[in-house]
Protein chains: 2
Amino acid sequence: MTVRICEVGPRDGLQNEAEQLSPRLRAEFVDRLSSTGLRRVEIASFVNPERVPRMAGAEEVCATAKPVAGVEHAALVLNPRGYERLARTRCVEARMAFCVTESFNRRNQGRSVEQSVADVGGIVAAAHADGRRASVTLAASFGCPFEGVVDPGRVLDLAGQVAAAGADEIVFADTIGVGVPRQVTRLLTGAAALGVPLGLHLHNTRNTGYANAYAGLEAGVSVLDSSVAGIGGCPFAPNATGNIATEDLVYLLEGQGVDTGVDLDALLSAAAWITEVLGRPLPGQLLRAGRFPAPPR
Amino acid sequence: MTVRICEVGPRDGLQNEAEQLSPRLRAEFVDRLSSTGLRRVEIASFVNPERVPRMAGAEEVCATAKPVAGVEHAALVLNPRGYERLARTRCVEARMAFCVTESFNRRNQGRSVEQSVADVGGIVAAAHADGRRASVTLAASFGCPFEGVVDPGRVLDLAGQVAAAGADEIVFADTIGVGVPRQVTRLLTGAAALGVPLGLHLHNTRNTGYANAYAGLEAGVSVLDSSVAGIGGCPFAPNATGNIATEDLVYLLEGQGVDTGVDLDALLSAAAWITEVLGRPLPGQLLRAGRFPAPPR
C-alpha cells in the first residue's frame, strides 16, 4: 500500500499561528522537514501578504530552503497572479485551492466558484508548460462555515471539472474540521472513476481527523496532508485547530502496515524544534507520549 | 446499527485526575450524566482506597447517585472482594477487569493472569446469582508498558476463557493508548465467533482513539467506553491521557448514522460542568469547537 504524505506545516500550519516567523526561520523549518524522509513539503503560499501576513516573503523562503534530492517543494496559489510568482521559484509543484461553496469562496478569494474553476484551467496549463505538477484542493468539501453541510454531489461535480482541466491530483479538504468517515468514503469512491490521484486535507477540530485519515486509507487515498506537531491552531481563535499531526499520522499509517518512508525519530526532532520555536503546547500527541514500542537505546 | 456507549468518566476518568472529588460531588456528576440519554454509566470502583484514593467512598457514590429509569449504573471490580462490596449496592452491573500480560497484571492486581481468570468465573457466577450483569475487560489488549506489543492470539485465547466463564460482555482495552485500527479489526473479528457482545475501551494517547472507535464500528463492536470531556489525563503524568471523549464520540457516531440516543447539548452541558469542576482544559474538542451544523437557536 502506498500513501504519500504532504507536509503542510510551513504553509497551512504557520499561516494560522500567532507567531510571525521570518522567511529565514521558515526556510530552516523546511530544511529540517526535508531531512526526515518526507517526500513532499508545502513550503509557502503566494497570496497577498497584506491579507495573510504570516506568509510574507514567500519568494525568500523558496530561495533559501535547500533543494534536497527526492523531496518535492510545493507552494499554494489561489489564482493566476499567485502562479506567476511561484513560476519564478524552484518549487516543482503548484497547489491551487478554492472553496466549493459560493459564499466561502467569494469571501476567501473574492471570486465566484465558476471563476476559480476557470482559473484552474489556466494554472494547470501554465504549470504543465513550465514542467511543474499542478494539484488542486477543493476547500470546505465537508462543511462550510456559511452554508453548513456540503452536498457531496456538488463536490464531485467540481472534482470532475478539475480533472477535465488536467489537474495532476485532487485533494478534498475538511477546512473547518467537521467531516466524518462516511463523507470521506463517499467522496473518494465517487471520484475514483476520474482516474486522478486523490488526496485528503484534514483538520482535527472535532477529533475526527485521524478517523477520517483511516477511512481514506481504507478507500484508497493517495495523498494525506498533515502538519508536523499539528501546528496551525491559532491561540487567538479558540475554535481553530491545526491539521492532523504528521508524526501521529505516521504512527497510525506505519501501524497499519504502510511504509511512509519517514524516519519517525527525525520527524519527532522537527516537531520538538517547532514546538520550541512557537513556544506553546501543540496538538501532536506522539511527541508527549513517545513511540511505542519505545525505540531501542 | 446499534452501538451502546458506556460512560466511564466517573470511574476511569476521575480515577486518574489530580483533583480529589468527594463522593457527593461524584454522585452529582453521575446524576448529570444519567440525564443526557446515556444508558450506561460506570460510576465507581471497588478497589482499595489506599491504592486508588480518588475512588474512596465508592459505596457512598452508589448510595447517593439517583437511580434513573433506563440508565444502568455499573462499577468496576478487580477481584471477589471487590464484588462483595458491589453486591451491597444498587449497581446492576459488575465490570471485572484484569491485564492480559503477566507482568502488568501482577503489578496492577497482585495476581497472576491465571488467578484473575479463575476470579472471573467466581465473580460472573455470583453476579448472575444476584441478578446482575457481569462484563469483563481485558486490559492492555493492544500493548503493555512492560511487555510491549501484545500478541492478539494470547488476547483471543483469554477472551475464549472469559466467554466460557459466562461473561455477558468482553471489552478489549487499549489501556495505555497505543493501538491502531488493524489491531481492533483483528481482535473483534477473531472474537466474533464467541457469541458474546464485544466492546472497546480506548484512550487517545497517540491520537488513534477515534480511528480505533471507527474501526470498531466497521467491525461490528457492540459497546464503546468513553469519558465525558475526555477526562482522565493526569496533569502530574504528562504521558497519560484520557479516554476518548464521549461527546466527540457521539459526534462521530451520529455522523456515521448511528443513533446513540444521547442528547448532545445535554452532554455538552455535563462536559462544561466537569471542566469547571476540574479547573483545567480537557481533551474533548467538541466543547471548544461547537456542534456542526450549529444547532438552531
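Residues numbered from 1 in each chain as written. Chains lettered and ligands numbered in written order. Predicted model: local features only at pLDDT ≥ 70, side-chain atom pairs only at ≥ 80, totals over all residues. Heavy atoms only, no water.

Per an unreviewed UniProt entry, chain A is named Hydroxymethylglutaryl-CoA lyase, and its organism is Streptomyces adustus. As its UniProt record puts it under Sequence similarities (unreviewed entry), chain A is described as follows: "Belongs to the HMG-CoA lyase family." (UniProt positions renumbered as here; feature names shortened; annotations may be inferred.)

**Q** In this structure, what is going on with the side chain of His203(A)? I would like to understand it.
**A** All names here are of chain A. Along the chain, the position of His203 falls in the loop between β9 (198-202) and α9 (209-218). Given the relative accessible area of 7%, His203 is considered buried. Within the structure, His203 has its side chain in polar contact with the side chain of His201 (distance 3.2 Å). Here the side chain of His203 touches Asn243 through a polar contact of 3.3 Å, side chain to side chain. (Helix = DSSP H or I, 4+ residues; strand = E, 2+ residues; numbered from the N terminus. Buried < 20%, exposed > 50% of the residue type's maximum accessible area, 1.4 Å probe, protein only. Polar contact = N/O pair within 3.5 Å; in protein donor to acceptor, adjacent residues only side chain to side chain.)

**Q** Honestly, the relation of the copies chain B and chain A in this entry has me stumped. Any pointers?
**A** Each of the two chain copies can be generated from the other by rotation about an axis followed by a shift along it. Superposing chain B onto chain A takes a rotation of 180° combined with a translation of 0.0 Å along the rotation axis, leaving an RMSD of 0.0 Å. The two molecules are tied by a two-fold rotation axis, judged by turn and shift. Taking the C-alpha atom as reference, chain B places Ala211(B) closest to the rotation axis, 1.9 Å from it. An overlap of 100% is found between the interface residues of chain B and their copies at the interface of chain A, pointing to a shared contact surface. (Least-squares fit on C-alpha atoms with pLDDT ≥ 70 in both. Contact = heavy atoms within 4.5 Å.)

**Q** What am I meant to see in the pattern of salt bridges here?
**A** Oppositely charged side chains may form a pair once their charged atoms are brought near each other. This structure, assessed with the given rule, holds 38 salt bridges over all chains. For Arg11(B), the salt bridge is made with Asp12(B), and the minimal N-O distance between the two is 3.6 Å. Summarising the burial analysis for this pair, Arg11(B) and Asp12(B) share the class buried. With its nearest N and O atoms 3.4 Å apart, the salt bridge here joins Glu93(B) to Arg95(B). The buried category is assigned to Arg95(B), whose relative accessible area is 1%. Each of the salt bridges in this network shares a partner with another, and the network as a whole consists of Arg4(A), Arg11(A), Asp12(A), Arg40(A), Glu42(A), Glu72(A), Glu93(A), Arg95(A), Arg133(A), Glu169(A) and Asp225(A). (Salt bridge = Lys/Arg side-chain N within 4 Å of Asp/Glu carboxyl O.)

**Q** Quick question: what am I supposed to make of the packing of helix α10 (residues 246-255) of chain A against helix α11 (residues 264-278) of chain A here?
**A** If you want to describe how two helices pack, look at the angle between their axes and the distance between the axes. All names here are of chain A. Their axes nearest at 9 Å, the elements α10 and α11 cross at an angle of 160°. Relative to α11, the element α10 is oriented roughly antiparallel. Our pair here, α10 against α11, has a crossing hand that is left-handed. On α11, the residues touching Thr246, Glu247 and Val250 of α10 are Leu264, Leu267, Leu268 and Ala271. Residue composition of the contact of α10 with α11, by class: 5 nonpolar, 1 polar and 1 charged. (Axes fitted to C-alpha atoms, helices over the stretch in contact; angles between N-to-C directions. Parallel < 35°, antiparallel > 145°, perpendicular 65-115°, else oblique. Left-handed = near helix turned anticlockwise from the far one by under 90°. Nonpolar A, V, L, I, M, F, W, Y, C, P; charged D, E, K, R; others polar.)

**Q** Looking at this model, I keep getting lost on the state of the cysteines. Mind explaining?
**A** Working definition of a disulfide: a covalent bond connecting the sulfur atoms of two cysteines. All names here are of chain B. Counted under the stated rule, the structure contains 0 disulfides over all chains. You can see Cys91 has no disulfide; the closest cysteine sulfur is in Cys62, sitting 3.6 Å from it. For Cys91, a relative accessible area of 3% gives the class buried. Between Cys99, a cysteine without a disulfide, and Cys144, which holds the nearest cysteine sulfur, the sulfur-to-sulfur distance is 7.6 Å. (Disulfide = S-S within 2.5 Å.)

**Q** Could you clarify how one ought to interpret the packing of aromatic side chains in this entry?
**A** For any pair of aromatic rings, geometry is given as the distance between the ring centres together with the angle between the planes. Scanning the entire structure with this criterion turns up 5 aromatic pairs over all chains. Ring geometry for Phe104(A) and Phe146(A): centres 5.6 Å apart, planes at 70°, overall edge-to-face. Placement of Phe104(A) in helix α5 (residues 102-109) and of Phe146(A) in the loop between β6 (143-144) and β7 (148-149) is noted, with a sequence separation of 42 residues between them. Looking at Phe146(A), the relative accessible area reads 39%, which means it is partly exposed. Ring plane angle 70° and centroid distance 5.8 Å describe the contact between Tyr214(A) and Tyr214(B), whose orientation is recorded as edge-to-face. In this pair, Tyr214(A) sits in helix α9 while Tyr214(B) sits in helix α9 (residues 209-218), so the two residues belong to two different chains. We classify Tyr214(A) as buried; its relative accessible area is 6%. (Phe/Tyr/Trp six-rings, centres within 6.5 Å; stacked < 30°, edge-to-face > 60°.)

**Q** Just to check I follow, could you spell out the packing of helix α8 (residues 181-191) of chain B against α9(B) for this structure?
**A** Residue and element names in this part refer to chain B. Packing of α8 against α9 brings their axes to within 8 Å, and their N-to-C directions diverge by 30°. On the basis of their axis angle, the class for α8 and α9 is roughly parallel. Both α8 and α9 take part in a crossing whose hand is right-handed. Facing Pro181, Val184, Thr185 and Leu188 of α8, the residues of α9 in contact are Ala211, Asn212, Ala215 and Gly216. Taken together, the residues of the contact of α8 with α9 sort by class into 5 nonpolar, 3 polar and no charged.

**Q** Could you clarify how one ought to interpret the interface of chain B and chain A in this entry?
**A** As a measure of interface size, the accessible area lost when the parts come together is often cited. Listed by partner, the interface residues are 38 residues for chain B and 38 residues for chain A. Together chain B and chain A conceal approximately 3100 Å² of surface at their shared face, both sides included; 58% is due to carbon and sulfur atoms. Counting the surface chain B buries against chain A, the share from its top three residues, Arg206(B), Asn207(B) and Phe292(B), is 24%. The interface formed by chain B and chain A includes 0 salt bridges. In this assembly, chain B and chain A are joined by 18 residue pairs in polar contact (both at pLDDT 80 or more). Contributing elements (two or more residues each) for the side of chain B that touches chain A: β6 (143-144), β7 (148-149), α8, α9, α10 (246-255) and α12 (286-289) of chain B. Among the elements that take part in the side of chain B that touches chain A, α10(B) stands out by supplying 5 residues, more than any other. Among the residues making up the side of chain B that touches chain A, the classes are represented as 18 nonpolar, 14 polar and 6 charged. (Buried area = accessible area lost by both parts, 1.4 Å probe.)

**Q** How should the pairing of strand β10 (residues 223-226) of chain B be read in this particular structure?
**A** Residues in a regular strand point their side chains to alternate faces of the sheet. Residue and element names in this part refer to chain B. Burial along β10 is two-sided: the residues Val223 and Asp225 and Leu224 and Ser226 are all buried. Where strand β9 (residues 198-202) and β10 come together, 3 bridges link them in parallel fashion. Bridge pairing in β10 places Leu200 opposite Leu224. Handedness of the β9-α9-β10 crossover: right-handed. (Pairing = 2+ DSSP bridges. Right-handed = clockwise from strand over helix to strand, strands pointing away.)

**Q** Just to check I follow, could you spell out unusual backbone geometry for this structure?
**A** For residues other than glycine, phi is negative in most cases, and the peptide bonds are mostly trans. Following Phe292(A), the chain continues to Pro293(A) via a peptide bond in cis, the omega torsion being -10°. Not every positive phi belongs to a glycine, and Asn207(A) is a case in point at roughly 65°. With respect to the helices, strands and loops of the structure, Asn207(A) is situated in the loop between β9 and α9. Although it is not a glycine, Ala229(B) adopts a positive phi angle of roughly 65°. Mapped onto the elements of the fold, Ala229(B) is located in the loop between β10 and α10.

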